[in-house]
Amino acid sequence: MTISEGISQIIEKRNVKVPALKHKKEHLESILAQIQEINAIRDRMLENADKLKMSPDVRSSIQSISTINFENAMRQLIAFYTNTIERFSRHEINIAVVGSARQGKSQLLQSISNLDNSVIPAFANNDCTGASSVIKNVPGTTLTADISFRDEFEMAEAVQAYLDNIFGEGAIRLESFEGIKRLSVSDLEMRIPKGSAKKTKFDHLKKYIEHFDEWKDLVHKGRITITDPNEIQKYVAQHNGEKEGSSLRKDYYYYLAVKEAVISCEFNNPETGSIVLRDTIGLGDTSLGISDKMLETISVHSDAAVIVRRPETGTGKLDETDETLYDELNKAFAKRNMSKWLFWLINHTTQDSIWFCQYHLTHFIRTRIMQRERYDHSRAFFELPEAAHRWRCRFFC
């Protein structure tokens, strides 16, 4: 069986389960409706307690009837079925590519998709990815990018989030979308103490304010389709890859208003089949909500995730961002079998770095297993406990 045939088989097995999943969801919704009707009957009885000549004991018993916990549990279960039905109805396999900034995520996407820096920015100078991209393998098609934009409300909401994060919730309130332009960068900067950790967030907020006129018209466009690779770069990248200070350097700010870029092209390898790659902005970027967006991409839109890690030369040690990333995934997807959907991809530098990186990753993950499963550290390091098999990850070099 070829890879593409295997992918098609997975998709087919999922698709055939959709009718049964829909039936179960409808059954749960029916139960929830009946519980809500019981609550309505309870409320009507209490409203007419005097007419019904209800005794205090009976009234107290009826008042004590509470289904709130059951209703919440049912709603969560219905939401789970809704998400599963959406995933199983798809006709492709979605893979999220995540990790810290400058680890080689974009280079990986380039190597698979046959796209270059004009569409998937992978520059060595500073963070380059501006907007999240969805890259689809569509055999026989020419390159197209469907770019969707946030509206006025979403942009005002994004800027307000920065104001709340930097200066405290409600300290500065936007009155309208146009109020973004009226914010004074110099006045705001004076309110930030020297050496404050909020400075990096403020630098990102400045882009919204100082370049308002460059991106403001995009919020009324809804969605556009682009076929020119050089034009696509202006919407998904933060710059054109030239060094800061160079006369050839071009900084872009359209990405601030971009909600998502869906890029369709024919991948290098025909065996990739019905694969969709979901790029994410590198963790450690100064913009707000990167971690939340990554978790949403994995939870709602993806069937598997690849963590890209470029080893530090000679040591391969994990840094704090790597540990935070794994812990966040652990916490958010505790009920998933991580050995089935989470993969570490080590970006090749030197063979020593790869060996050390594998060592540190294995040690780190098994330590986390010990902490979670409460196993003795020495035994957990050398013998992975049976109960913790679901926390294993696979390595690719």
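Everything below is about the structure shown above.
As the structure is a computational prediction, the values presented were derived from the model and not from experiment.

A word on the layout of surface pockets
The computed volume of the largest pocket comes to approximately 880 Å³. Every residue lining the largest pocket is counted, 27 residues in all, and those nearest its centre are I95, I275, A304, V306 and F343. Mapped onto the lining of the largest pocket, the elements with two or more residues apiece are α1 (3–15), α4 (68–89), β1 (93–98), α5 (105–113), β6 (275–279), β7 (304–309), β8 (342–346) and β9 (394–396). Per-element accounting of the lining of the largest pocket gives the leading share, five residues, to α1. When grouped by side-chain class, the residues that make up the lining of the largest pocket number 16 nonpolar, four polar and seven charged. Mapped by element, the contributors of at least two residues to the lining of the second largest pocket are β2 (133–137), α6 (152–167), α9 (199–210), β5 (258–265), β6 and α12 (290–301).

Digging into helix α2 (residues 18–47)
Given 3.6 residues to a turn, an α-helix orients residues that are three or four positions apart in the same direction. In this model α2 runs 43 Å from its N-terminal to its C-terminal C-alpha over 30 residues, within 8% of the 44 Å that 1.5 Å per residue would give. Buried residues of α2: V18, L21, K25, L28, L32, I35, N39 and R42, and no others. The inward-facing, buried residues of α2 contact α1, α3 (56–63) and α4.

Topic: the packing of α6 against α9
The relative placement of two packed helices comes down to the angle between their axes together with the axis-to-axis distance. Interhelical geometry of α6 versus α9 gives an angle of 150° and a closest axis separation of 10 Å. In terms of orientation, α6 lies roughly antiparallel with respect to α9. The way α6 lies across α9 gives a crossing that is left-handed. Counting all contacts with α6, which are made through M155, A158, V159, Y162, L163, N165, I166 and F167, the residues of α9 involved are K201, F202, H204, L205 and Y208. Grouping the amino acids of the contact of α6 with α9 by side-chain chemistry returns ten nonpolar, two polar and one charged.

A closer look at the nonpolar core
With 58 residues, the main nonpolar core has L163, L188, L205 and W215 as its most contacted residues. Looking at this core element by element, the count peaks at eight residues for α6. Not counting residues up to four positions away in its chain, the partners in contact with W215 are M155, F177, I180, K207, Y208, Y253, L256 and A257. Judged by nonpolar contacts, the second largest core, of 15 residues, contains V98, M294, M338 and W341.

A short note on the packing of aromatic side chains
Throughout the structure, instances matching the rule amount to nine aromatic pairs. Note on Y208 and W215: the rings are 6.2 Å apart at their centroids and 85° apart in plane angle, and the pair reads as edge-to-face. For Y208, a relative accessible area of 4% corresponds to the buried category. Pairing F333 with W341 gives two aromatic rings, centres 5.3 Å apart and planes at 80°, and the pair type is edge-to-face. Take F333 and W341: they sit in the same class, and that class is buried. An aromatic cluster of three or more residues is present, and its members are Y162, F177, Y208, F212 and W215.

What about the pattern of salt bridges?
Enumeration over the complete set of coordinates arrives at 16 salt bridges. For R14, the salt bridge identified is with D303, shortest N-O distance 2.7 Å. One end of the pair, R14, is in helix α1; the other, D303, is in the loop between α12 and β7, with 289 residues separating them in the sequence. Under the relative-accessibility criterion, D303 is labelled buried at 12%. Across the salt bridge formed by R87 and D303, the nearest N and O atoms sit 3.2 Å from each other. Placement of the pair is R87 in helix α4 and D303 in the loop between α12 and β7, with a sequence separation of 216 residues. For the pair shown, R87 and D303 are each scored as buried. Taken together, the shared-partner salt bridges connect R14, R87, R90 and D303 into one network.

Some thoughts on unusual backbone geometry
Glycine aside, a negative phi is what most residues show, and trans is what most peptide bonds show. Positive phi outside glycine occurs at K53, with the angle close to 50°. Along the chain, K53 falls in the loop between α2 and α3. Of note, N114 is a non-glycine position whose phi angle comes to about 75°, a positive value. Along the polypeptide, N114 turns up in the loop between α5 and β2.

Quick notes on the pairing of β6
The two faces of the sheet receive side chains in turn, since in a regular strand these alternate between them. Most of β6 sits out of view: five of its five residues are buried. By the alternation rule, side chains of β6 split into I275, L277 and D279 and V276 and R278, which are all buried. Where β1 lies against β6, five bridges are found, and the strand directions are parallel. In the strand pairing of β6, V97 is matched with D279.

Considerations on the pairing of strand β3 (residues 144–149)
The pairing of β3 with β5 spans six bridges and is antiparallel. Paired with I147 across the strands is A261, a residue of β5.

Describing the packing of α2 against α4
α4 packs onto α2 with a crossing angle of 160° between their chain directions and a minimal axis gap of 10 Å. Taken together, α2 and α4 sit at an angle that is classed as roughly antiparallel. Here α2 runs over α4; the crossing is left-handed. Contacts between α2 and α4 involve V18, L21, K22, K24, K25, L28, E29, I31, L32, I35, Q36 and N39 from the former and F70, E71, M74, R75, L77, I78, Y81, T82, T84, I85, F88 and S89 from the latter. Class assignment of the residues belonging to the contact of α2 with α4 gives a composition of 13 nonpolar, five polar and six charged.

Cut-offs used in this document
Residues numbered from 1 in each chain as written. Predicted model: local features only at pLDDT ≥ 70, side-chain atom pairs only at ≥ 80, totals over all residues. Heavy atoms only, no water. 1 Å grid on protein atoms, 1.4 Å probe; cavity = no way out; pocket = protein on both sides within 12 Å on 5 of 7 lines; lining within 4 Å. Points joined across faces, edges and corners; volume = space filled by probe spheres on them. Helix = DSSP H or I, 4+ residues; strand = E, 2+ residues; numbered from the N terminus. Nonpolar A, V, L, I, M, F, W, Y, C, P; charged D, E, K, R; others polar. Expected span 1.5 Å × (residues − 1). Buried < 20%, exposed > 50% of the residue type's maximum accessible area, 1.4 Å probe, protein only. Contact = heavy atoms within 4.5 Å. Axes fitted to C-alpha atoms, helices over the stretch in contact; angles between N-to-C directions. Parallel < 35°, antiparallel > 145°, perpendicular 65-115°, else oblique. Left-handed = near helix turned anticlockwise from the far one by under 90°. Core = buried A, V, L, I, M, F, W, Y, C linked by side-chain atoms within 4.5 Å. Phe/Tyr/Trp six-rings, centres within 6.5 Å; stacked < 30°, edge-to-face > 60°. Salt bridge = Lys/Arg side-chain N within 4 Å of Asp/Glu carboxyl O. Pairing = 2+ DSSP bridges.

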